[in-house]
Structure formats: structure tokens, C-alpha cells
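# Examining the three-dimensional arrangement
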Amino acid sequence: MFASLLNKGLRESLFFLIAIFLISAFLIYFSPVSLQNNNDSGLFYNYLVSKISNKAAILSLNFLFIGVGVFLINFITVNQEIVEKNNCFPIFLFLLLSIISVNPLQITPQIFTNIFILFSIYKLISIYRQESVLSQIFEAAFCLSFSAFITISSIISLPIFFITLIILRSFNWREWAIAIVGIFAPLFIYEGVAYLSGYNRWYLFKAIAFYFKNLDRPIISEYYFPIFFLLFVLLLISIVNSFLTNFGNTIKKQRIRLLFLFVILFNTFGFFSDGANSCSIILTYALPLSFFIGDFLYNIKQKKIVNTILTLILLGLAVIFAGQMGII
């Protein structure tokens, strides 16, 4: 049932994805309980939260961020041809992972941050075997650096930026120089404003020091145990399957899979960041989870197996919704 909708391209899957999007928004709006609070936040996020308290506005922003993220996932996976054009499983999984991580009572910072991280990754992937890419590299570096002012945990993505350049491009000092300029540009802009206003100077450096000083075990809600276990098992199986299939049938696919393995590796810091919880962990790993598991499900020939796995994922989603509604 689900498999036949998600392996025929975006046009065939669009109604199904929109239905999940709208139904989830309706359920979350009427959820009286927040299973976990947002603790990982940054300067601009705190300012945004201080200005918005209306639940409808919070819900609208959360789902706007989800919608933009899903749009970017489509560009990264399908348009950049790192999965088959008819494969909508990564889009579907990213949508679900974002939905189950939404706080019904707060703007979810990691969903906002993921927009900038995904845009940065999209720009970097798009420069593969292209000429005159300095503007794309600057935009990618600027967005990735700016995301640290929303959630400081996104600082762990900075090494991934340079690893991506190493994997996708031969060394070019101009490209690396413009990347460094792009990364420091938001910092220079912020510090210039902070100096003129006399407010909160050297914020980013203090926040980074605090972040690495306070690494701790995460707090995981029991409502998320089923989906965590399922995602962990599926991720392991999909990564092993990627190794067995030599990471894909094109050089680009092989390099992107290698890149996403580094994303998983460096996101380990996000798993142990102070204040990390079920929602922030899922959102931190949302991209590689969606890609590896989605590509694995697409290539399973027995559709009954795929439908069973998707049903289990949706049951995990139902457990979380039931907790938010106060049913269990």
C-alpha cells in the first residue's frame, strides 16, 4: 500500500505526503502535552521565541520549517540524482522524523536550524564536477555558520563542510579561502553589531566553549523508545547493505554515501550535547537516516516487507501522538 505510493515519483506521492502533513498538523495543534522541552537553543532562536507565544503561530512556523526542509530534501536526493528519480522514501521519512520531533507548545529550534544545514549541503553537492563554484561555496559556508546562532549544536557540522570539499572537489586554495571567509562572515557581522550596541560580545565563542564543556548523556522519553529502536536497526541494516552494494552505481552516489557516513560520525557530539533529548537527536540525524533507510526500502523488491516496515514506523509515530494527546 505505502510502498506503491512512494516508488512512483513525487507526483504520485504528493497527495499522500500532503495528507500526512495536514493530519499531523491538526493532531499536534490539539496536543495538550509536550513530551520534551527544547533546551538546545541559540541567540536568534531565543529572540524569536520571546516574540511569539501564540500556539497557532508556533504551529505555523514549525510546519513551515518542516515544509521547507522537505523541499530541500527533494532537491538533495532526487534533483541531485543521489537516489532514483522515483524514490520518495527519503522525503517521506524526513517528513515523519520532523513531525514526531515537533514540540506542540514551542518553536522547535533544530527544525529551523536544519533548513540552513540542508541548504548548505545542497549547495555543496551541487558543485560536484562544476566550474566557477565560489559563490555556491560562500553561500553554503555562510548558511552553515549562521545556523550556529540558532542552535549552537550545529557547530558540529563545520568539520563536515570541509570534509565535503575534500570528497567532492580536488584541492583549490581559492575555494578553501572563500569557504573560510563564508564561515567567518556571520561572526564578523554579529560582532560588529555587538560592538556598536555593547551587547553580548563574543557570544559564539562562549557558547561553543559551554557546549563542549557540558557534553552529557541525552534524555530520551519512553514514548520514543519504539521508534528509536526501529530506526537504529534499519540504519545498521541499510549501511551494511550500502557496503555490500559498493555504495552505489555511480561515483557521485558513492561519494555522497561516504559523506553521509561522516555526518553520522560527527553528529555523535550532538547525541551527547547538554540538553539533548529524543527530538533533537532525531532531527540531528534526520538527513542520513532518511537517505540510507529510504534508499534501502526503495531497493527491497518484496513490497510486503516494505509495507510492514512502514507500518511499524507509523505505529511508532502513533505512540508519540498518543503521548502528546495524553491518551497513554
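The coordinates are above.
As the structure is a computational prediction, the values presented were derived from the model and not from experiment. (Residues numbered from 1 in each chain as written. Predicted model: local features only at pLDDT ≥ 70, side-chain atom pairs only at ≥ 80, totals over all residues. Heavy atoms only, no water.)

### Some details on the layout of surface pockets
The volume enclosed by the largest pocket comes to roughly 290 Å³. Around the largest pocket, the lining residues are Phe228, Leu231, Phe232, Leu235, Leu236, Ile239, Ile264, Phe271, Ile281, Ile282, Tyr285 and Leu289. The set of elements that each furnish at least two residues to the lining of the largest pocket consists of α11 (225-244) and α14 (278-284). In terms of residue count, α11 provides more of the lining of the largest pocket than any other element does, six residues in total. (1 Å grid on protein atoms, 1.4 Å probe; cavity = no way out; pocket = protein on both sides within 12 Å on 5 of 7 lines; lining within 4 Å. Points joined across faces, edges and corners; volume = space filled by probe spheres on them. Helix = DSSP H or I, 4+ residues; strand = E, 2+ residues; numbered from the N terminus.)

### Things to note about the packing of aromatic side chains
Inspection of every chain in the model, using the stated rule, returns 17 aromatic pairs. Taking 5.3 Å as the distance between ring centres and 80° as the angle between the ring planes, the aromatic pair formed by Phe161 and Phe162 counts as edge-to-face. On the basis of relative accessibility, which here comes to 1%, the residue Phe161 falls in the buried class. What makes Phe162 partly exposed here is its relative accessible area of 21%. Taken together, the aromatic side chains of Phe65, Phe112, Phe116 and Phe146 make up a single cluster linked through ring pairs. The ring of Tyr29 is capped by Lys55, whose NZ or CZ atom sits 5.7 Å from the centre of that ring. (Phe/Tyr/Trp six-rings, centres within 6.5 Å; stacked < 30°, edge-to-face > 60°. Buried < 20%, exposed > 50% of the residue type's maximum accessible area, 1.4 Å probe, protein only. Lys NZ or Arg CZ within 6 Å of the ring centre and 35° of its normal.)

### Considerations on a nonpolar patch on the surface
A contiguous nonpolar patch, built from Phe26, Tyr29, Phe30, Met325, Ile327 and Ile328 and spanning about 630 Å² of accessible area, is present on the exposed surface. Inspection of the secondary structure assignment puts Phe30 in the loop between α2 (10-29) and α3 (43-51). Residue class for Phe30 comes out partly exposed when judged on its relative accessible area of 47%. (Patch = residues over 30% accessible without salt bridge, like charges linked within 9 Å, V, L, I, M, F, W, Y side chains within 5 Å. Areas by Shrake-Rupley, 256 points an atom, 1.4 Å probe, with all protein chains shown as cover. Salt bridge = Lys/Arg side-chain N within 4 Å of Asp/Glu carboxyl O.)

### Digging into the environment of Ile82
Its location among the elements puts Ile82 in the loop between α4 (55-79) and α5 (89-99). With relative accessibility at 0%, the residue Ile82 sits in the buried group. The spacing of Ile82 and Thr250 is 168 residues in sequence and 8.8 Å in space, taken between C-alpha atoms. Once residues lying within four places of it in the same chain are set aside, the contact partners of Ile82 are Ile76, Thr77, Lys252, Lys253, Ile256, Arg257, Phe260 and Phe291. (Contact = heavy atoms within 4.5 Å.)

### Examining the packing of α2 against α4
Packed helices, taken two at a time, are described by the angle their axes make and the gap between the axes. With their axes 11 Å apart at the nearest point, α2 and α4 run at an angle of 155° to one another. Here α4 runs roughly antiparallel to α2, going by the angle between their axes. Between α2 and α4 lies a crossing whose hand is right-handed. Residues Leu10, Phe21, Ser24, Ala25, Ile28 and Tyr29 of α2 form the contact with α4, whose own contacting residues are Lys55, Ala56, Leu59, Phe63, Ile66, Gly67 and Asn74. Among the residues forming the contact of α2 with α4, the class breakdown is nine nonpolar, three polar and one charged. (Axes fitted to C-alpha atoms, helices over the stretch in contact; angles between N-to-C directions. Parallel < 35°, antiparallel > 145°, perpendicular 65-115°, else oblique. Left-handed = near helix turned anticlockwise from the far one by under 90°. Nonpolar A, V, L, I, M, F, W, Y, C, P; charged D, E, K, R; others polar.)

All we've got here are geometric facts, nothing functional implied.
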